[in-house]
Structure formats: structure tokens, C-alpha cells
Amino acid sequence: MSERFGARLARAVAEKGPLCAGIDPHPGLLQAWGLPADASGLEKFALTAAETIAPEVAVIKPQSAFFEAYGPPGVAVLAKTMKVCREAGALVLLDVKRGDIGSTMAAYTAAFLPAGAELEADAITVSPYLGFGSLAPAIDVAQAQGKGLIVLARTSNPEAQGLQNALLPNGKTVAQDIVDTAAAYNTGVGPLGDIGVVVGATIAPGELDLSKLNGPILAPGFGAQGATVADLRGLFGPGLPGVLPASSRDVLKHGPDPEALRAAVRRTRDSLGPLEKGQ
């Protein structure tokens with residue numbers, strides 16, 4: 001069996017800090033970089049970002065949708081981008097938000113998690129909203145092959161609140177139930193479990209109890225969506241391991257010059273410091 005994802009992540013964060021840098025080839029960013037909104041522009045954008053940013057951070061998060069929008073050529077660019085990032089030493093968290101049942105979930109899993117897959121990632125985002133049990137095919141493969149899953153729990157978009165904070169018969173919110181179910185897979189695993197959750201950095205402090213998760217927490221909303229380092233510390237508090245603040249457009253807007261892009265990611269990375277110590 002391969003080394004567990006949680007162990008690899010803990011080591012990478014100890015070496016390079018907790019920043020999760022996104023590669024989101026949004027059409028507006030391609031335009032700002034002076035690139036055409038086609039597969040050639042996509043490739044120039046994504047590979048420049050990957051080659052510049054990946055050596056600087058623990059985790060890179062490509063947003064699959066912005067590559068898929070260009071059809072097969074875009075997916076080919078995504079595969080190349082992920083390969084460049086992994087060869088540079090970054091863990092690749094592919095943001096695909098897949099979620100289905102049975103053989104369909106198994107097929108999604110086969111696309112992204114097994115060793116040697118064309119789009120092999122170190123971890124992927126998944127949706128539990130067909131029931132957490134529907135993720136079983138992905139969990140099985142992740143545990144067998146040293147990969148990770150980041151499960152949508154309490155996301156940063158305003159329209160999510162009504163569903164994710166709805167109360168279940170057990171008295172928990174939907175989001176809290178997802179966190180607690182993920183935590184059960186991480187019990188007793190050190191230094192960090194392999195099943196994480198998405199918790200937006202812009203939600204209200206106290207909404208969720210994350211103290212028993214023992215897994216990664218992907219925190220979108222940092223930077224462009226308004227969350228600051230102080231907000232992160234207020235929400236997650238000191239002593240909570242595995243928090244990965246995610247920033248993409250706030251960094252990528254400094255391209256296409258590689259030196260400006262590198263300086264921006266270093267500033268963002270260094271501004272976070274050791275979040276788990278509350279410093």
C-alpha cells in the first residue's frame with residue numbers, strides 16, 4: 001500500500017505551509033493575461049501557473065470545470081498540468097466535486113484516484129449529497145492507494161446555508177453530520193486522516209465543531225472572497241491541524257509574468273504562517 005495521503009499532506013504542510021493554491025483558468029483571467037480563450041491560451045496559462053507556483057506550495061488545486069469547458073483538448077491540458085505539479089513536488093487536489101451512486105461513483109473514482117490514471121490526483125473533492133454512503137467506492141480506493149477525499153460540508157456560497165444548516169432528526173445540521181461521518185474514518189489515524197471536508201472561510205465562527213475531524217479542512221473564501229488571515233484564525237482557532245486556506249484568483253491575477261506570480265504566491269503563503277499554532 002502507498003503511504004497515506006494524510007501523512008504526505010502533514011509533511012508537505014510542515015515543509016511549505018498550509019496554502020492551497022488554485023489553478024482556475026477563468027476566461028477573465030486568460031483575457032487579463034493577454035491569452036486567447038481557446039486550448040492554446042488555456043495551456044499557456046495553466047502550465048505557466050503550474051511551473052511557477054507548484055514548487056512554492058504544499059497543495060495545488062486545479063479546478064477541473066475550467067479545463068473541461070474546452071472539451072478533449074482541455075482535459076489533455078489538465079492532465080499535463082497535474083503531471084507538472086506533481087513532478088514539482090506539490091500534492092494535487094483536483095476540484096471535481098463528483099458524487100453519484102454505485103458503478104457511476106466507481107467510474108468517477110477510476111478516472112481520478114488509481115495510480116496510473118490519466119488524470120491521477122493525490123486527492124479529489126466529492127459531494128455527499130446523495131448520502132455519505134454513496135462515496136464508498138471512492139473511500140475504498142483512496143484508502144487502498146494512499147489518496148485523499150475532501151467532502152463538501154459547509155461551503156462558502158450564500159445559497160448553501162439553507163440546505164447545509166438544515167437540522168436532521170439526530171439534532172445535527174447536515175454539515176455537522178457530514179463532518180462527524182468523515183471524522184469516524186480518521187479516528188486513531190496519525191498524524192492526520194485522509195478524509196477531509198470543505199468548510200468555507202467566510203462562514204460564522206461556531207457553526208461547526210471540527211475538533212474531532214482529524215483530517216484536512218479545505219477553506220475556500222480566503223482572499224478574493226473576503227476572508228482574511230484573522231478570519232481564518234477566528235473560525236478555526238489555534239491547535240486545529242490540517243486547515244488548507246485556498247486562494248486562486250488573488251494570486252493568479254499577478255500573471256502572466258512568472259516573477260510577479262511567484263512573488264504573489266510567496267507573499268500569500270508567508271502571510272498564513274503556522275495557522276495550527278494560532279500565531
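Residues numbered from 1 in each chain as written. Predicted model: local features only at pLDDT ≥ 70, side-chain atom pairs only at ≥ 80, totals over all residues. Heavy atoms only, no water.

### Examining helix α5 (residues 71–87)
Point 1. Here α5 contains 17 residues, and its C-alpha end-to-end distance of 25 Å stays within 8% of the 24 Å for a straight helix at 1.5 Å per residue.
Point 2. All of the buried residues along α5 are Gly-74, Val-77, Leu-78, Ala-79, Thr-81, Met-82 and Cys-85.
Point 3. Along its buried surface, α5 packs onto β1 (20–23), α3 (39–53), β2 (59–62), α4 (64–68) and β3 (91–98).
Point 4. Looking one or two residues past α5, Gly-89 carries a phi angle of roughly 100°, positive in sign. (Helix = DSSP H or I, 4+ residues; strand = E, 2+ residues; numbered from the N terminus. Expected span 1.5 Å × (residues − 1). Buried < 20%, exposed > 50% of the residue type's maximum accessible area, 1.4 Å probe, protein only. Contact = heavy atoms within 4.5 Å.)

### Overview of the side chain of Thr-52
Point 1. With respect to the secondary-structure elements, Thr-52 resides in helix α3.
Point 2. Within polar-contact distance, the side chain of Thr-52 engages the backbone oxygen of Thr-48 at 2.7 Å.
Point 3. What Thr-52 contacts, discounting residues up to four positions off in sequence, is Pro-258, Leu-261 and Arg-262. (Polar contact = N/O pair within 3.5 Å; in protein donor to acceptor, adjacent residues only side chain to side chain.)

### Here's the deal with helix α7 (residues 136–145)
Point 1. Along α7, the residues that are buried comprise Ala-138, Ile-139 and Ala-142. In a view along the axis of α7, the buried residues occupy a sector of 100°, so they form one face of it.
Point 2. Considering only its buried residues, α7 is in contact with α6 (102–112), β5 (148–154), α9 (174–186) and β6 (195–199).
Point 3. Gly-146 occupies a position one or two residues after α7 and carries a positive phi of about 70°. (Arc of directions from axis to C-beta.)

### Observations regarding the sheet that holds strand β4 (residues 123–126)
Point 1. Read around the closed barrel, eight strands run β1-β2-β3-β4-β5-β6-β7-β8, paired in parallel fashion. Along the sheet, successive strands turn relative to each other by an average axial angle of 30°, direction set aside.
Point 2. As paired elements, β3 and β4 share three bridges and run parallel to each other. Looking at the pairing, Leu-94 lines up with Ile-124 of β4.
Point 3. Across the sheet, α5 is in contact with β1, β2 and β3; its angle to β3 comes to roughly 145°.
Point 4. Against the sheet, α6 engages β3 and β4, with an angle of about 155° to β3. (Pairing = 2+ DSSP bridges. Axes fitted to C-alpha atoms, helices over the stretch in contact; angles between N-to-C directions.)

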